[in-house]
Every structure is written in C-alpha cells, then in structure tokens.
Amino acid sequence: MAGLFDRLQQDLEQREKMAGISPVDLLDMPDDLRTLVLLLSRKGELPLATLCELAGLTEAEATHLLGALEEKGFVLGREIKGVPHYRTYFGQRRRREVPLDIWASLSELTKGEGDDAEDPADARSSGPSGATP
Amino acid sequence: MPKIVSIHSFRGGTGKSNITASLASLVARSGKRVGVVDTDIQSPGIHVIFGMNETNVEHTLNDYLWGRCSIQDAAYPVPQPVGELSIIPSSIKTNEIARILREGYDVTMLNEGFRDLVRELSLDYLFIDTHPGLNEETLLSIAISDILFIVMRPDRQDYQGTGVTVEVARKLAVPELYLVVNKVPQSFDPDALREQAETAYGCPVIEVLPHSEEMMQLSSEGVFALAFPTLPLSRSLQRMAAVIVASSEEG
C-alpha cells in the first residue's frame, strides 16, 4: 500500500509543478524568491548572469534560489548555447466555476452525519419559539 | 525602454477605463507608440470609448488566449494625428466571456502576449486596463507594471480596498505607484483630500479629479480629454500624461 501512496503523492507533486506559479503565489513568497520571480516576469527569459546583476546576487546565491523555484515549478530553466537561462512559468489560470451539483455532492458526503440533528431548514421554518406551527 | 502602465481600482465604477483611454490617447499624441489592453475579461468596456463594437472587431484578447490568433491580430489601430495608438479589446460575446471564466487560460500566455505586443508593435507604452479588485490577471498586471495608478473615489467603500491594493503593489515592488482620487464633488476641498489620502496610504496622489457633468454627458462615446481638452478634468489628465512621458524619459 505504501507503494500506491508514494505513487499518488508523486502524481500530486508532479501535477502541482505542472500548474506553475499563480500571480497570487507571489504574495506569499519569501522576499528573495519574489524578487527573482518579479524580475523574470518583467524582463522575460534572462541569462543567469543578467539576472544576478539585476538582483544583486552572486551566481551561487541565485542558483540556489532558482533551484528552489524550479523545484516548485515556478520557473523554468534551460541552456542556450551552454548558458543557463530562466523564465517564469505562470501556468494555467485556475478555473473558477463552482460545480452546479456542489450542493447535491455535499449532501451526499454528509449523508448519515448528524441524522438526529435538527434540519436547519426546519429551524428556519419554526417560529421564534422554535415550535413548529 | 518600453513602459507598462496599469490603471487599477479595487472597486468598479471608479472611472478607470475613461482615465486609461484619455491617458493613452494623450501619451500617443505626444508622439509615442502606445498600446492599450483590456484585461477586464469579465466585464470589458474600454473598446466602447474608442468606437469599437462586435461588428468591427474580428479578433480579441480572448482569441489570442485560446491560441486562435497572434496578439498583434487582436490589435486595432486608432488613427491619431501624431503618434500611434492600438487597442486590444476583450470579447464582448456572452459565450466567450463565459468560456474564459469556465475554462480559464494560460497566464504565461497573457504575460508573453504583453511582451510580444511591445516588441512587435515597437511600443513605447503599454497601458493595461484591469478588472477591479484583486484576481490573477490583476495581480499579474500589477507585478509587471513600471507605473501603477490606483483609482479611488472619495467614498468609504473605496477606502479599505484601496489600502489593500496599495499594500499588494508595495509587496510586488511596483517602481512607480500613484493614487488618483476621481469623481470628487465640487464641494470637497481637493487639497485636504489629497493630504488625507497621502497620509492614510503613504503614497503620492498624482491628481484629484473633479466630478464632471460633461463626462456623464459623453457617456463613454469618446475620449474625454480629446472631446473636452480645456476642462479642469482634462487639464489634470494632461498633467498625468506628462508625468508618464517624463518618467520614461528619465529612466
């Protein structure tokens, strides 16, 4: 079972990476990572040396931070003529639609839970005294 | 160096699109190459000010985001006596608005589209008319802006949200951030209002724009600063445009 769990966990992590960064993620990031993502978002794909110069970082510092961002799937790195280049990967904007059957699904999920409890709808239909007319 | 200028407000109805249309037109007429993108995909509107409608728009930002066309294909030139102005409208077709809300889109494409547009049209300025509030495309627009105008009205409903937006813009390290107080009744003291806003938000107020009866009469059937160039509101917009151009020339 541990194998199945690990595989599912890996799938989830992979899917998370594929999702890329959302602009919303920028707000929750540590400052040093955000600085790099903002630079790459504003300038587009940049060679490592240019990024280091703009961010005021050494190559070792920038490589460490970019590694963390790559690991999360927030930036993509590639080599062009042997020179490492990086760009932001924003990915797909999340869908906003709330499934129309959400209430039915929730009802299904909670079926059996607290069956003895008073139905809120009944409570609303009761008068202030709580007595059913 | 091309500049990205975003005009944003936390709440709707602040006059953001009219301000964007006027500023973009004024900057273009100072001899610059200007693009305007309507990223208010959920409730587009700036195209109306430039006389565009379903019959004279073939491709929109939505088409680009769905991979149906290049971003340049969705750019419509608006003739100017001096300079150049192109508008990239969002779709006003109900099914297309619904589709983008339902299916989402690739945010990287939007960001790359901005850059492609600047490069392919050799733009000096790209103006982004945003959707009110804070959502993903708004945050992207703020994140990549060189200059951000946050428009608010002297209305309590605008105060708190504006504070949040200023905070977000600071976090996203926008190089130039200005507040614009719009639709100010004549009975208000503009200097006192400016001082209050600057103190409250710790951010410069670039202009306090008076409520304008002529703006109401124009009903978005034209660019205000061009239709009424001598009115006080237009004078303020001209000063704002001058700040944008000067900022670019400085750096």
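Presented here is a report on the structure given in the accompanying data block.

Criteria and thresholds
- Residues numbered from 1 in each chain as written.
- Chains lettered and ligands numbered in written order.
- Predicted model: local features only at pLDDT ≥ 70, side-chain atom pairs only at ≥ 80, totals over all residues.
- Heavy atoms only, no water.
- Helix = DSSP H or I, 4+ residues; strand = E, 2+ residues; numbered from the N terminus.
- Buried < 20%, exposed > 50% of the residue type's maximum accessible area, 1.4 Å probe, protein only.
- Contact = heavy atoms within 4.5 Å.
- Phe/Tyr/Trp six-rings, centres within 6.5 Å; stacked < 30°, edge-to-face > 60°.
- Lys NZ or Arg CZ within 6 Å of the ring centre and 35° of its normal.
- Salt bridge = Lys/Arg side-chain N within 4 Å of Asp/Glu carboxyl O.
- Polar contact = N/O pair within 3.5 Å; in protein donor to acceptor, adjacent residues only side chain to side chain.
- Nonpolar A, V, L, I, M, F, W, Y, C, P; charged D, E, K, R; others polar.
- Pairing = 2+ DSSP bridges.
- Arc of directions from axis to C-beta.

Focus: the overall build of chain A
- A tally of helices and strands in chain A yields six helices and three strands.
- The linear arrangement of helices and strands in chain A, starting from the amino end, is α-α-β-α-α-β-β-α-α.
- Of all 133 residues assigned to chain A, the portion counted as buried reaches 26%.
- Long-range contacts, defined here as pairs at least 24 residues apart, represent 54% of the contacts in chain A between residues at least 6 apart.

With respect to the packing of aromatic side chains
Residues and elements named next belong to chain B.
- A complete count under the given rule lists three aromatic pairs over all chains for this structure.
- Seen from their ring centres, F224 and F228 are 5.2 Å apart, and the 40 degrees between their planes marks the pair as tilted.
- Judged by relative accessible area, F224 falls into the buried class, the value being 1%.
- When its relative accessible area of 24% is taken as the criterion, F228 is described as partly exposed.
- Here the guanidinium or amino end of R99 rests over the ring plane of W66, the centre of that ring lying 4.1 Å away.

Considerations on the interface of chain A and chain B
- Facing the 23 residues of chain A at the interface are 29 residues of chain B.
- Joining chain A to chain B, the criterion identifies one salt bridge.
- For E112 of chain B, the salt bridge is made with R87 of chain A, and the minimal N-O distance between the two is 3.6 Å.
- The tally of links between chain A and chain B comes to nine residue pairs in polar contact (both at pLDDT 80 or more).
- Among the secondary structure elements, those contributing two or more residues to the side of chain A that touches chain B are helix 2 (31-43) and strand 3 (83-88) of chain A.
- Looking at which element gives the most residues to the side of chain A that touches chain B, the answer is helix 2 of chain A, with six residues.
- Tallied by class, the residues present in the side of chain A that touches chain B amount to eight nonpolar, six polar and nine charged.

Some remarks on the pattern of salt bridges
Residues and elements named next belong to chain B.
- Per the stated rule, a full pass over the model turns up 14 salt bridges over all chains.
- In this structure, R153 and D158 form a salt bridge, with 2.9 Å as the shortest nitrogen-oxygen distance. As far as the burial class goes, R153 and D158 line up, both buried.
- Through salt bridges with shared partners, a single network forms among R11, R153 and D158.

Comments concerning the sheet that holds strand 2 (residues 75-80) of chain A
Residues and elements named next belong to chain A.
- Pairing is antiparallel in the open sheet, where three strands are placed in the order 1-3-2. Only two strands of the sheet have a single partner each, and these edge strands are strand 1 (46-47) and strand 2.
- The sheet contact formed by strand 2 and strand 3 spans six bridges and is antiparallel. Paired with E79 across the bridge in strand 3 is P84.

A short note on the environment of A55 of chain A
Residues and elements named next belong to chain A.
- Of note, A55 is situated in helix 3 (residues 48-55).
- Through-space distance from the C-alpha of A55 to that of D32 is 9.0 Å; in sequence the pair is 23 residues apart.
- Residues in contact with A55, not counting those within four places in the same chain, are L36 and L39.

Looking at helix 3 of chain A
Residues and elements named next belong to chain A.
- Those residues of helix 3 not exposed but buried are L48, L51 and C52. The arc enclosing the buried residues of helix 3, seen along the axis, measures out at 100 degrees, which places them on a common side.
- Against the buried residues of helix 3 lie helix 2, strand 1, helix 4 (59-72) and strand 3.
- A positive backbone phi angle near 70 degrees is found at G56, which sits one or two residues after helix 3.

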